[in-house]
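# Structural features, examined
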Amino acid sequence: MKSKIGIAIILCIFAAGSQVKALPVAPTAAPAIEDGQPPEVRAQLHVQLGKSFLIASQQELQRVSVTDPTIASTVIVSPTQILVHGLKAGSGTLILWDSQDRPQVFDLTVDFDVSSLRDTMRAMFPGEPLQVAQSGGSLVLTGNASSKAVSDRAAALAATMSPAVVNMVQTTEAAPARQAVLLQVKFAEVNRAAIQQLGMNLFSTGATNTLGAVSTQQFGPLSPANARAGGGVTVGISDLLNVFLFRPDLNLGVTIRALQQKNLLQVLAEPNVLATNGTEASFLAGGEFPFPVLQGGSVANAVTIQFKEFGVRLNFLPQIMPDGVIRLKVAPEVSSLDFANGLTVSGFTVPALSSRKMSTQVDLRDGQSFAIAGLIDNRLTEIAMKLPILGDVPILGNFFKSRAQNRTNTELLVMVTPRLVEGTPPGPAPTQPGFPEQFLDRPQFDGKSGAAPSPGGPR
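Residues numbered from 1 in each chain as written. Predicted model: local features only at pLDDT ≥ 70, side-chain atom pairs only at ≥ 80, totals over all residues. Heavy atoms only, no water.

### Focus on the overall build of the protein chain
The secondary structure content of the protein chain amounts to four helices and 26 strands. Looking at the protein chain as a whole, 29% of its 459 residues qualify as buried. Accessible surface for the protein chain amounts to roughly 29,300 Å². Of this, 56% is attributable to carbon and sulfur atoms. (Helix = DSSP H or I, 4+ residues; strand = E, 2+ residues; numbered from the N terminus. Buried < 20%, exposed > 50% of the residue type's maximum accessible area, 1.4 Å probe, protein only. Areas by Shrake-Rupley, 256 points an atom, 1.4 Å probe, with all protein chains shown as cover.)

Have a look at this one:
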């Protein structure tokens with residue numbers, strides 16, 4: 001008697017705390033399946049996630065089993081009653097055995113509380129035809145939403161009930177037109193070079209019965225002298241340099257290199273590059289030069305030609321932020337051919353490439369500008385030569401010295417201005433630029449049928 005009272009108290013506690021719903025079930029023996037006959041249809045049991053379900057049997061039960069214990073748990077509260085609690089959304093099989101060891105099989109499904117979720121969505125998103133359904137352990141959202149923001153918020157609301165949400169909601173708003181960014185860039189480069197050269201070569205064609213020459217070999221070295229029949233002498237001079245002096249009565253001569261040179265190079269490029277939001281664009285104002293490459297393998301010393309780019313290059317990637325700020329990733333580069341530092345390979349003269357490049361990322365608004373300055377390159381190259389001992393003599397030693405000095409100064413400035421642009425509406429095309437000369441007038445050139453062309457000539 002006391003045990004029956006205790007069981008009754010336990011059932012009252014479950015009924016009050018978990019909203020238990022009793023279902024009388026009379027388990028029967030599983031019928032044998034004959035060959036060629038379909039199996040018996042199983043009974044369906046549904047329990048909500050986080051809630052309990054009470055199964056009452058008319059016969060005493062011996063044991064119970066759930067194929068997937070992670071989705072539901074079972075508790076035997078009495079010989080004829082079993083409590084099923086939903087742990088995780090999904091499906092499985094519930095098997096009961098009576099005292100005579102006869103099984104009864106049920107298809108058990110643990111469901112989400114989809115109805116309460118539908119009511120919450122109707123309250124939070126009025127006028128939005130959103131639908132919620134369950135597929136296994138996931139929630140599936142379908143229907144139409146007025147904007148992507150509504151679709152994302154509905155998915156976030158469903159995620160509070162299940163971490164697995166399949167969002168198949170379609171948005172009806174029109175896709176916004178992708179904005180374009182016009183990048184106005186100015187490259188300004190100034191290259192200055194100052195060269196100073198000073199030196200001399202002394203030679204004698206027979207002064208004091210002596211044939212010879214004195215030179216540092218830096219500027220136009222003299223070729224060996226040749227004696228001719230009758231006492232004459234011939235001296236070969238490949239380069240007369242700047243100053244050439246010769247005294248036939250003294251048989252003495254001198255070639256002098258005294259030169260000052262100034263070079264100035266100015267480069268100004270103003271490319272305008274247009275790109276859509278999030279798309280990389282590039283610009284190159286320059287050219288390509290052939291570059292020989294030696295190939296290995298079975299063919300020895302085979303040379304192939306590759307082309308290298310040089311000039312003014314600009315690569316940039318614009319990204320328009322939600323607040324209207326333009327985030328730019330800019331990589332400008334200025335390169336030029338340097339023949340002074342070039343090489344000769346297999347008979348090919350290959351120039352070196354002098355380049356100045358940079359890469360940065362900045363945030364600007366429409367019409368704002370930023371400048372990359374301070375790219376200054378100062379160089380000094382000095383080559384001095386002298387004859388030993390003679391070049392160290394005070395005053396007179398200067399005749400046995402030579403010196404070449406090269407100073408270069410390069411300054412580069414890059415200024416970038418992004419602008420937001422939109423396509424022009426349909427209408428008349430923009431006016432073309434004016435041409436200083438008129439193109440060929442075909443009617444005037446052809447003339448009438450069978451007639452000669454106009455004596456004024458084609459225009």
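Picking up where we left off.
### Digging into the sheet that holds strand E8 (residues 103–111)
Taken in spatial order, the four strands line up as E2-E8-E7-E4 in an open sheet, and their pairing is mixed. Of all the strands in the sheet, just strand E2 (43–48) and strand E4 (61–66) have a single pairing partner and so form its edges. On average, each strand axis in the sheet is inclined to that of its neighbour by 25 degrees, with strand direction left out of account. Two elements, E2 and E8, share six bridges in a ladder whose sense is parallel. Looking at E8, one finds that His 46 is bridged to Thr 109. (Pairing = 2+ DSSP bridges. Axes fitted to C-alpha atoms, helices over the stretch in contact; angles between N-to-C directions.)

### Remarks on the environment of Ala 149
Looking at the element boundaries, Ala 149 is found in helix H3 (residues 148–159). Each C-alpha atom of the pair Ala 149 and Thr 171 lies 9.3 Å from the other, and the pair is 22 residues apart in sequence.

### A word on helix H2 (residues 114–124)
An α-helical segment advances 3.6 residues per turn. Residues three or four places apart therefore align on the same side. Of all the positions in H2, only Val 114, Leu 117 and Met 121 are classed as buried. For H2, the arc enclosing every buried residue in end-on projection is 60 degrees, short of the 170-degree limit, so these residues lie on one face. Away from the buried face of H2 by more than 90 degrees, exposed residues Arg 122 and Ala 123 are located. (Arc of directions from axis to C-beta.)

### Some thoughts on the confidence of the model for the protein chain
In this model, the protein chain carries an average pLDDT of 77, and 80% of its residues clear a pLDDT of 70 or more. Throughout residues 1–38 the model reports pLDDT below 50, and contacts reaching past four residues in sequence, or to other chains, amount to 44 contacts. Contacts of residues 224–230 to residues separated by more than four positions or lying in other chains number 11 contacts, the stretch itself having pLDDT below 50. (pLDDT = per-residue confidence, 0-100. Contact = heavy atoms within 4.5 Å.)

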